[in-house]
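Each chain, written out:
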Amino acid sequence: MKDITPHNIQALIDLIAEAERPVIVTHAKPDGDAMGSCLGMYHYLRLCGKENVSIILPHRTQAYLNFLLDKESSKDLTIHEDRPQKAEEAIAGCDLIICLDFNAFHRADKLEKPLAESTAQKILIDHHLNPDRDSFDLCFSETAISSASELVYEVLMNTPIINKDAGKLPAQAAVALMTGMT
């Protein structure tokens, strides 16, 4: 995995440590992989002590994925199609954007412009071809991996807080990531 290097993992850790208002975003019409990777990352950020984490979805997801949302993540979730102003304000006011399961801002539908205009640091974790690397400060792009959830898992396993021990992942993160992989 060419992008999962000690240098990139340290850059990720540094960006997360500096962030006070991180936002997690995924693609339009989110599926299981989008939700799994978002919620896996969400619970990891909470493990890292981040209190003001927002999850922004361009659209509602299928109801069968609602089991992934707990009380905590539900209150931090904003769906752009339902509350566009709140979603766009969260992006405008954040200091870190983590983009999961899409390779370019246009894949986030009406969030394309707010994402492109944001001055926040931007991280991409994705498995699709042709990532728009120029739009991101840090990229983890592995096209040989089957899902963004699997890639998020691999990235998190290499962080010092997890240190290759899956038992250190929050249970909600593990369930979300496994859902995304399957």
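It should be emphasised that the depicted structure is a prediction, and the values quoted were computed from it without experimental measurement. (Residues numbered from 1 in each chain as written. Predicted model: local features only at pLDDT ≥ 70, side-chain atom pairs only at ≥ 80, totals over all residues. Heavy atoms only, no water.)

Q: Describe the pairing of strand E1 (residues 22-26), and please don't skip the residues or the numbers.
A: Side-chain positions along a regular strand alternate between the two faces of the sheet. Of all five residues in E1, five are buried; the element is thus mostly enclosed. Across the two faces of E1 the burial is the same, with Pro-22, Ile-24 and Thr-26 and Val-23 and Val-25 all buried. In the sheet, E1 pairs with strand E4 (residues 96-100) via five bridges, with the strands oriented parallel. Its bridge partner being in E4, Ile-24 is matched across the sheet by Ile-98. Sheet analysis places E1 next to strand E2 (residues 54-57), joined by three bridges and oriented parallel. Directly across from Ile-24, in E2, lies its bridge partner Ile-55. In this view, the connection linking E1 to its parallel neighbour E2 by way of helix H2 (residues 32-47) has right-handed handedness. (Buried < 20%, exposed > 50% of the residue type's maximum accessible area, 1.4 Å probe, protein only. Helix = DSSP H or I, 4+ residues; strand = E, 2+ residues; numbered from the N terminus. Pairing = 2+ DSSP bridges. Right-handed = clockwise from strand over helix to strand, strands pointing away.)

Q: So, the packing of helix H6 (residues 148-157) against helix H7 (residues 171-181): which residues are in play, and what are the values?
A: When two helices pack together, their arrangement is given by the angle between the helix axes and by the axis-to-axis distance. Running from amino to carboxyl end, H6 crosses H7 at an angle of 140 degrees, the nearest separation of the two axes being 7 Å. Looking at the two axes, H6 sits oblique to H7. Every residue of H7 that contacts H6 at Ser-149, Glu-150, Val-152, Tyr-153 and Leu-156 is listed here: Leu-177, Gly-180 and Met-181. Taken together, the residues of the contact of H6 with H7 sort by class into five nonpolar, two polar and one charged. (Axes fitted to C-alpha atoms, helices over the stretch in contact; angles between N-to-C directions. Parallel < 35°, antiparallel > 145°, perpendicular 65-115°, else oblique. Contact = heavy atoms within 4.5 Å. Nonpolar A, V, L, I, M, F, W, Y, C, P; charged D, E, K, R; others polar.)

Q: Outline the packing of aromatic side chains, listing residues and values.
A: Using the criterion set out here, one finds one aromatic pair in the structure. With a centroid separation of 5.1 Å and an interplanar angle of 55 degrees, the aromatic rings of Phe-105 and Phe-136 are classed as tilted. Taken as a pair, Phe-105 in the loop between E4 and helix H5 (112-117) and Phe-136 in the loop between strand E5 (121-126) and strand E6 (138-141) lie far apart in primary sequence, 31 residues in all. (Phe/Tyr/Trp six-rings, centres within 6.5 Å; stacked < 30°, edge-to-face > 60°.)

Q: Tell me about the packing of H2 against H6, residues and numbers included.
A: The geometry of H2 relative to H6 is characterised by a closest axis approach of 8 Å and an angle of 20 degrees between their N-to-C directions. The orientation of H2 relative to H6 falls into the category roughly parallel. Handedness of the H2/H6 crossing: left-handed. Residues Asp-33, Gly-36, Ser-37, Gly-40, Met-41 and Tyr-44 of H2 touch H6, and the partners they reach there are Ala-148, Ser-149, Val-152 and Leu-156. The residue inventory of the contact of H2 with H6, partitioned by class, reads five nonpolar, four polar and one charged. (Left-handed = near helix turned anticlockwise from the far one by under 90°.)

Q: A description of helix H1 (residues 6-18) should follow, citing residues and the corresponding values.
A: Given a rise of 1.5 Å per residue, 13 residues ought to cover 18 Å, and the 18 Å separating the end C-alpha atoms of H1 matches this to within 8%. Considered for burial, the residues of H1 that qualify are Asn-8, Ile-9, Leu-12, Leu-15 and Ile-16. Looking straight down H1, one finds that the buried residues subtend no more than 125 degrees of arc, so they occupy a single side. Away from its buried face, by an angle of more than 90 degrees, H1 presents the exposed residues Pro-6, His-7, Ala-17 and Glu-18. Contacts made by the buried residues of H1 are with H2, E4, E5, E6 and H6. (Expected span 1.5 Å × (residues − 1). Arc of directions from axis to C-beta.)

Taken by themselves, the reported measurements are silent on function.
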